[in-house]
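What the coordinates show
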Amino acid sequence: MNTLEKVVLWVGIISLVILVGLTVLYLLYRRQGHHKIHKILNEKLRRNSGTKSNTKQNSKPVQSFEAKSYTSNPLLDGARVSHRRSHPDRIEEENYWEELKERENSEIQRKLELDRKNQLLMIFSPCNADVVTIHENEEEAQEDGYENPGVILIPSDDKIYAPMNGIVSWEETDGSLRVTSDTGTEVLIEAKIKASETEIINDCFEKRVKNGASVCMGEMIGQFHSGIIKRNNKTVVVRLELTSYKKEQLILMKHANYVSHGDKVMTIRLES
């Protein structure tokens, strides 16, 4: 064996050793990756809990979860969590996210209460929809045949949500409803045919709450009957109108092409 052949042999051996080493490191990394994800989530939760401890001392703490390894294969364990609803890890993880969402909703309600103390009231979109027309004042609304400021939406699905905290009052036709807050602010939600925007669709809503029920912002209060809101709807519009509007009352409207339910669409100044 000459010198060249020896060099080639040693290079091959060294390359093989390096390849085997990298393969082992990669397998170890994959095995530990599943557990690192949960550690990161728990660490993030602890940081969030620390920053909000002063404002939420009485809130129930969110218990973190740790993934359990039932086999030596983390991918198999992950598959079991994903495809079995009764799997302990999946139930624990779902509870984790539900409690986290409850905390976020509590934070929204706290901000609403703060705005109320500052004599401001936010009104949110009652549906997922494209924005057609915005009437920021009385003059703009009267030009289109309405009495009060508001917004016209083309809903993309059949669900209607409460635009603010208040009491629901259904109209006799079941084609419109009102929500009145404890500050006296009242909004009207009604479904109309887009071609005229004046013809109310009678008996179009299936009630999800009773007449006179107290609701929170974002709670589903109604749903269009099957077949009214079709795919790529361009026929039915929803009018959100501030019926308690008083002349020269300060009102700020959000300008957007699309809003999801729970997106702020207007902010009004309450009377002192």
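What comes next concerns the included structure. Remember, predicted model here, so these are calculated numbers, not experimental data.

On a plain count of helices and strands, the protein chain comes out with four helices and 14 strands. Expressed as a percentage of the 272 residues in the protein chain, the buried residues total 35%. For the protein chain, the accessible area works out to roughly 17100 Å², and carbon and sulfur atoms hold 52% of it.

Next up on the list: the pattern of salt bridges. For the structure on display, the rule yields six salt bridges. One salt bridge connects Glu-190 with Lys-192, and the closest N-O pair in it is separated by 2.9 Å. Residues Glu-190 and Lys-192 agree in their burial class; the two are buried. Here the residues in one salt-bridge network are Glu-171, Arg-178 and Glu-186, joined through shared partners.

Turning our attention to the packing of aromatic side chains. Scanning the entire structure with this criterion turns up three aromatic pairs. With 4.9 Å between their ring centres and 80 degrees between their planes, Tyr-96 and Trp-97 make a pair best called edge-to-face. Here Trp-97 falls in the partly exposed class, since its relative accessible area comes to 42%.

It is worth spelling out the sheet that holds strand 2 (residues 129-135) at this point. Pairing is antiparallel in the open sheet, where eight strands are placed in the order 9-5-6-7-11-3-2-13. Looking along the sheet, the strands with just one partner apiece sit at the ends: strand 9 (214-215) and strand 13 (258-259). The pairing of strand 7 (residues 186-193) with strand 11 (residues 236-242) spans seven bridges and is antiparallel. Bridged to Ala-191 within strand 11 is Val-238.

This part takes up the sheet that holds strand 10 (residues 220-224). Through backbone hydrogen bonds, the strands of a sheet pair up, either in parallel or in antiparallel fashion. The sheet built from three strands is open, its strands ordered 4-10-8 with antiparallel pairing. The open sheet terminates on both sides in strands that have one partner only, identified here as strand 4 (159-161) and strand 8 (205-207). The mean angle between the axes of side-by-side strands here comes to 30 degrees, regardless of whether they run parallel or antiparallel. Of the pairings in the sheet, the one linking strand 4 to strand 10 comprises three bridges and is antiparallel in character. Looking at the pairing, Lys-159 lines up with Gln-223 of strand 10.

As a further point, take the side chain of Arg-239. For Arg-239, the location among the structural elements is in strand 11. Sequence-distant contacts of Arg-239, defined by excluding residues within four places in its chain, comprise His-135, Tyr-146, Asn-148, Pro-149, Gly-150, Val-151, Ile-152, Leu-188, Ile-189 and Glu-190.

Here the focus is the side chain of Glu-190. Structurally, Glu-190 is set in strand 7. Of the residues examined, Glu-190 reaches a relative accessible area of 7% and is grouped as buried. Within polar-contact distance, the side chain of Glu-190 engages the side chain of Lys-192 at 2.9 Å.

Here we take up the nonpolar core. Of all hydrophobic cores here, the largest spans 38 residues; its most connected members are Ile-160, Val-168, Ile-221, Phe-224, Leu-240, Leu-242 and Met-266. Broken down by element, the residue count for this core peaks at four residues, all from strand 11. Beyond its immediate chain neighbours, meaning those up to four positions away, Leu-242 contacts Ile-123, Asn-148, Pro-149, Thr-185, Glu-186, Val-187, Ile-251, Met-266 and Ile-268.

Rules and cut-offs
- Residues numbered from 1 in each chain as written.
- Predicted model: local features only at pLDDT ≥ 70, side-chain atom pairs only at ≥ 80, totals over all residues.
- Heavy atoms only, no water.
- Helix = DSSP H or I, 4+ residues; strand = E, 2+ residues; numbered from the N terminus.
- Buried < 20%, exposed > 50% of the residue type's maximum accessible area, 1.4 Å probe, protein only.
- Areas by Shrake-Rupley, 256 points an atom, 1.4 Å probe, with all protein chains shown as cover.
- Salt bridge = Lys/Arg side-chain N within 4 Å of Asp/Glu carboxyl O.
- Phe/Tyr/Trp six-rings, centres within 6.5 Å; stacked < 30°, edge-to-face > 60°.
- Pairing = 2+ DSSP bridges.
- Axes fitted to C-alpha atoms, helices over the stretch in contact; angles between N-to-C directions.
- Contact = heavy atoms within 4.5 Å.
- Polar contact = N/O pair within 3.5 Å; in protein donor to acceptor, adjacent residues only side chain to side chain.
- Core = buried A, V, L, I, M, F, W, Y, C linked by side-chain atoms within 4.5 Å.

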